[in-house]
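# A closer look at the structure
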Amino acid sequence: MTTAITTDTSVFEKLESEVRMYCRTFPVVFERAKGALLHTDDGRAFIDFFCGAGSLNYGHNNDAVKQRVLDYLAADGVMHGLDMHTVAKREFLTRFNEVVLQPRGLDFKVQFTGPTGTDAVEAALKLARRATGRTGLTAFTGGYHGMSRGSLEITGSRRARRAGGVAGGDVTFVPFEDGPLGPFDSIDLIDRLWADPSSGTEPPAAVVVEPIQMEGGVYPAGPEWLRRLRAVTERYGVLLVLDEIQSGCGRTGTFFGFEESGIVPDIVTVSKSLSGYGLPLSLTLFRRELDLWQPGEHTGTFRGNQLAFVAATAACELWQQEAFLTGLRQNSARLDRFRAELGTLDPELVLRGRGMVLGIDTARAGGPDRAERVQRYAFDHGLIVERCGRHDEVLKVMPPLTIVPELLDEGLGILRDALRAG
């Protein structure tokens, strides 16, 4: 069953490139949004379990963030500032340090890298090579880090790499802790490769890892695995880069996905929901002693998104509000209960996740075709949910952290019905 398109999409089909993707899965024209709801131009409402691919963790048009943005616009605040000193940047850095870095014992410098997550990754790779004098990198199967050249080199997807014309000769891929082929002791493999002078593999500049692989199929890294990875990188003088672009800003229940492990990475990349409003903003965070840049060595016209600084400051302050933290805990617990319910509904489903992300893996329960049917049923009944994994066999459930319980239950009910029907 396909939802009929009743509004005009001809201009998109005529003028926009064939590269467009999400609009093919969700063939409607969206007009406005609030909280966890998306509204179309013909009056329909959809519950959003997609959240702009993780860019809208605090929901659409969050009131606290929106008011700060409106006030700044009304006051004719600076809108474009490159890397100049501004009040908006000063307030963001101050609040980010007070709310995020200091409470977690992270003595990091902050680099504003450009509008999107891949810019943060590119800066991290360049800095790691500068700091170590090495060129090699180690990455993990199933990992996704962006679509620019350096990020594609450490991204596992053959399709994405081929589209970018990337060979990745300086990158060694090893299996992630878990994946479609099952668990693997990748830390022992890394240790053996680096210890053996005849392995053909040099210790690299950095290991790049997501604390929870999102696009790869929602595979969380275990705390002990991350601790072992931190130990082996320290032993060989290799920098550990944590890609928190999609797992960060509360998606896993804590601000950073690596927090449960207790480790301190060398470099962390953050973007997507950092601004709290869908505005482009990305950071590369790194240990103070790694700040080896000379002025202007890594730059970008839109690295000083002032409006995003304003929104991000307001989003940081949400983490100081007990109502927000309580809601996050309660919503995470509800998603955990739903995970248990699905295990009873269909024992062949494999369920993975943490906090406010749940992966429903249909590989042994109908495969990609079933996942597509479930997604389509959900859409036809007013729910937006994304698919991920090697073959789009995993439903990636990502409600806003701030979703009200009634809408969360309604969306989970649609998803449950879709799985029954699919």
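Before reading on, note that the structure itself is shown above.
An account of the accompanying structure is given in this report.

Reading the values: rules and limits
Residues numbered from 1 in each chain as written. Predicted model: local features only at pLDDT ≥ 70, side-chain atom pairs only at ≥ 80, totals over all residues. Heavy atoms only, no water. Helix = DSSP H or I, 4+ residues; strand = E, 2+ residues; numbered from the N terminus. Polar contact = N/O pair within 3.5 Å; in protein donor to acceptor, adjacent residues only side chain to side chain. 1 Å grid on protein atoms, 1.4 Å probe; cavity = no way out; pocket = protein on both sides within 12 Å on 5 of 7 lines; lining within 4 Å. Points joined across faces, edges and corners; volume = space filled by probe spheres on them. Nonpolar A, V, L, I, M, F, W, Y, C, P; charged D, E, K, R; others polar. Pairing = 2+ DSSP bridges. Contact = heavy atoms within 4.5 Å. Axes fitted to C-alpha atoms, helices over the stretch in contact; angles between N-to-C directions. Patch = residues over 30% accessible without salt bridge, like charges linked within 9 Å, V, L, I, M, F, W, Y side chains within 5 Å. Areas by Shrake-Rupley, 256 points an atom, 1.4 Å probe, with all protein chains shown as cover. Salt bridge = Lys/Arg side-chain N within 4 Å of Asp/Glu carboxyl O. Buried < 20%, exposed > 50% of the residue type's maximum accessible area, 1.4 Å probe, protein only. Disulfide = S-S within 2.5 Å.

The next thing to look at is the side chain of R230. On the secondary structure map, R230 appears in helix 10 (residues 223-235). A distance of 2.9 Å separates a polar side-chain atom of R230 from the backbone oxygen of V264.

So, on to the layout of surface pockets. A probe as big as a water molecule, rolled over the atoms, marks out the empty space that is left. Its boundaries defined by the atoms lining it, the second largest pocket holds a volume of some 440 Å³. Lining the second largest pocket are 21 residues, and of these D83, V110, Q111, F112 and H298 sit closest to its centre. Counting only elements with at least two residues in the lining of the second largest pocket, the list comes to helix 5 (87-101) and strand 4 (108-114). With 4 residues, strand 4 is the largest single contributor of residues to the lining of the second largest pocket. Looking at the lining of the second largest pocket residue by residue, the classes come out as 8 nonpolar, 7 polar and 6 charged.

Overall, the coordinates contain 1 cavity of 30 Å³ or more when judged by the stated rule. Lining the largest cavity are L335, D336, R339, R352, G353, R354, G355, V357 and L358. Elements that contribute at least two residues to the lining of the largest cavity include exactly helix 12 (322-345), strand 13 (350-354) and strand 14 (357-361). Considered class by class, the residues forming the lining of the largest cavity number 3 nonpolar, 2 polar and 4 charged.

Turning our attention to the sheet that holds strand 2 (residues 37-40). With mixed pairing, 4 strands are arranged side by side in an open sheet as 1-2-3-15. Strands at the two margins of the open sheet, each flanked by one partner only, are strand 1 (30-34) and strand 15 (383-384). Here strand 1 pairs with strand 2 via 4 bridges, running antiparallel. Bridging across to strand 2, F30 finds its partner in T40. Sitting on the sheet, helix 14 (residues 405-421) is in contact with strand 2, strand 3 (45-48) and strand 15, with an inclination near 95° to strand 3.

When you line up the elements, M79 lands in the loop between helix 4 (63-74) and helix 5. Once the C-alpha coordinates of M79 and F30 are considered, the two residues, 49 residues apart in sequence, prove to be 27 Å apart. Filtering out sequence-adjacent residues up to four positions away, M79 remains in contact with Y72, L73, G304, Q306 and L307.

Turning our attention to a nonpolar patch on the surface. Together, V11, F12 and L15 make up an exposed nonpolar region whose accessible area comes to about 300 Å². As for its placement among the helices and strands, L15 is situated in helix 1 (residues 10-15). By relative accessible area, which is 65% here, L15 ends up exposed.

Moving on to the sheet that holds strand 6 (residues 171-174). A sheet is described by the order of its strands in space; here 7 strands give the open sequence 4-12-11-10-7-5-6, paired in mixed fashion. The sheet is open, and its two borders are formed by strand 4 and strand 6, each paired with just one other strand. With strand direction ignored, the average angle separating the axes of adjacent strands in the sheet is 20°. Note: strand 5 (residues 137-140) against strand 6, 4 bridges, orientation parallel. Considered in strand 6, the bridge of F140 is made with V174. With respect to the sheet, helix 5 is in contact with strand 4 and strand 12 (282-287), its orientation differing from that of strand 4 by roughly 130°. Each of strand 5, strand 7 (206-209) and strand 10 (239-243) is contacted by helix 10, which is oriented at about 165° to strand 7, the strand it contacts most.

If you trace the backbone, T155 turns up in the loop between helix 7 (149-153) and helix 8 (158-163). Engagement of the side chain of T155 in a polar contact is seen with the backbone nitrogen of H145, the distance being 3.0 Å. A distance of 2.9 Å separates a polar atom in the side chain of T155 from the backbone oxygen of S151. Excluding residues that lie within four positions of it along the chain, T155 makes contacts with G143, Y144, H145, G146, R161 and F173.

As enumerated under the stated definition, the model contains 0 disulfides in all. There is no disulfide at C316, and the cysteine sulfur nearest it, in C249, is 8.2 Å away.

Applying the stated rule across the entire model yields 30 salt bridges. Between E341 and R416 there is a salt bridge; the shortest N-O distance is 3.0 Å. Here R416 lies in helix 14 and E341 lies in helix 12, a separation of 75 residues in the sequence. Residues joined in a network through salt bridges with shared partners are R230, E234, D266, R287 and E289.

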